Amino acid sequence: MKRLFILLPFLFVISTAVFAAPVDDNVAYEEDKVSMEVVIPENQHIPENDKQFASVKIEYYPMYDEIRIYYETLSIKYDPGVAMNSVIACIEDFMKERKYSHYRYLRPESQKYFKDDRGQKKAQWSAHIKLER
């Protein structure tokens, strides 16, 4: 009986080792799809009086078809309506350039106030967006 308790697990281990399927660990990813791409739009759709203070930045994740878009300006010049209009125009330009048909928000837009490394008070409007073809 003791031999049976020792022999059965031993046979089980041997049979699983013999009949196990080989595992392929060499999964090939396309490097350009896995990485994040930072895009600074050429036309940022910022009003003339705010161009020297404001900027738009897009972080594009091609593997997931997602972008995070940021509008940043001095807090004294910040207007949420202007920020949203600039961002929406930049998203539409980005979609035309990359051949996407429409988008949806994954999270509600957020606003953040902070001081940069030079001590200036800044405001940042950001959104997390899913693009669809």
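This one's a predicted model, so the numbers in the text were calculated from it and none came from an experiment.

**Student:** What should I look at first to understand the overall build of the protein chain in this one?
**Tutor:** Looking only at helices and strands, the protein chain has three helices and six strands in total. Written out in order from the N terminus, the α and β elements of the protein chain read α-α-β-β-β-α-β-β-β. Per-residue burial for the protein chain yields a buried fraction of 29% across its 133 residues. For the protein chain, the proportion of contacts with a sequence separation of at least 24, taken over those separated by at least 6, is 57%. Carbon and sulfur atoms form 56% of the exposed surface of the protein chain, whose accessible area is close to 9,800 Å².

**Student:** It is not clear to me how the nonpolar core should be interpreted in this structure. Could you clarify?
**Tutor:** Most often, soluble globular proteins keep nonpolar side chains buried together rather than apart. Counting 22 residues, the largest nonpolar core has Ile 67, Ile 69, Tyr 71 and Leu 131 as its most contacted members. Counting only elements with at least two residues in this core, the list comes to β2 (55-61), β3 (66-74), α3 (80-98) and β6 (121-132). In terms of residue count, the dominant contributor to this core is α3 (six residues). Once you skip the residues sitting within four places of it in the chain, Ile 67 turns out to touch Ile 58, Glu 59, Tyr 60, Ile 91, Phe 94, Ala 127, His 128, Ile 129 and Leu 131.

**Student:** What am I meant to see in unusual backbone geometry here?
**Tutor:** Most peptide bonds take the trans configuration, and most residues that are not glycine carry a negative phi. The phi dihedral of His 45 falls on the positive side, at around 55°, and the residue is not glycine. Looking at the secondary structure, you find His 45 in the loop between β1 (37-39) and β2.

**Student:** Help me out: how do you make sense of the pairing of strand β5 (residues 110-115) in this one?
**Tutor:** Successive side chains on a regular strand alternate, one facing one side of the sheet and the next facing the other. Relative to β6, β5 runs antiparallel, the two sharing six bridges. Opposite Lys 115, over in β6, you have Lys 121 as the bridge partner.

**Student:** Please clarify how a nonpolar patch on the surface should be interpreted in this entry.
**Tutor:** Taken together, the side chains of Leu 7, Phe 10, Leu 11, Ile 14, Val 18 and Phe 19 make up a nonpolar region of the molecular surface, amounting to roughly 650 Å² of accessible area. The residue Leu 7 is located in helix α1 (residues 2-19) in this model.

**Student:** Teacher, can you tell me more about the pattern of salt bridges here?
**Tutor:** Pairs can form between side chains of opposite charge once their charged atoms are near each other. This model, assessed by the stated rule, comprises five salt bridges. The partner of Glu 72 in a salt bridge is Lys 122, and the shortest N-O contact between them spans 3.9 Å. You can see Glu 72 sitting in strand β3 and its partner Lys 122 sitting in strand β6, a full 50 residues away along the chain. Note on Glu 72: relative accessible area 23%, which makes it partly exposed. Since its relative accessible area comes to 14%, Lys 122 is described here as buried. The salt bridge involving Arg 98 is made with Glu 97; its shortest N-O contact spans 3.5 Å. Overall, the relative accessible area of 56% leaves Glu 97 in the exposed class. What you see here is one network of salt bridges that share partners, running through Glu 37, Glu 97 and Arg 98.

**Student:** Is there a simple way to explain the environment of Asn 49 in this structure?
**Tutor:** As for its position among the elements, Asn 49 is in the loop between β1 and β2. For the pair Asn 49 and Lys 77, spaced 28 residues apart in sequence, the C-alpha to C-alpha distance is 9.6 Å.

Calculation criteria
Residues numbered from 1 in each chain as written. Predicted model: local features only at pLDDT ≥ 70, side-chain atom pairs only at ≥ 80, totals over all residues. Heavy atoms only, no water. Helix = DSSP H or I, 4+ residues; strand = E, 2+ residues; numbered from the N terminus. Buried < 20%, exposed > 50% of the residue type's maximum accessible area, 1.4 Å probe, protein only. Contact = heavy atoms within 4.5 Å. Areas by Shrake-Rupley, 256 points an atom, 1.4 Å probe, with all protein chains shown as cover. Core = buried A, V, L, I, M, F, W, Y, C linked by side-chain atoms within 4.5 Å. Pairing = 2+ DSSP bridges. Patch = residues over 30% accessible without salt bridge, like charges linked within 9 Å, V, L, I, M, F, W, Y side chains within 5 Å. Salt bridge = Lys/Arg side-chain N within 4 Å of Asp/Glu carboxyl O.

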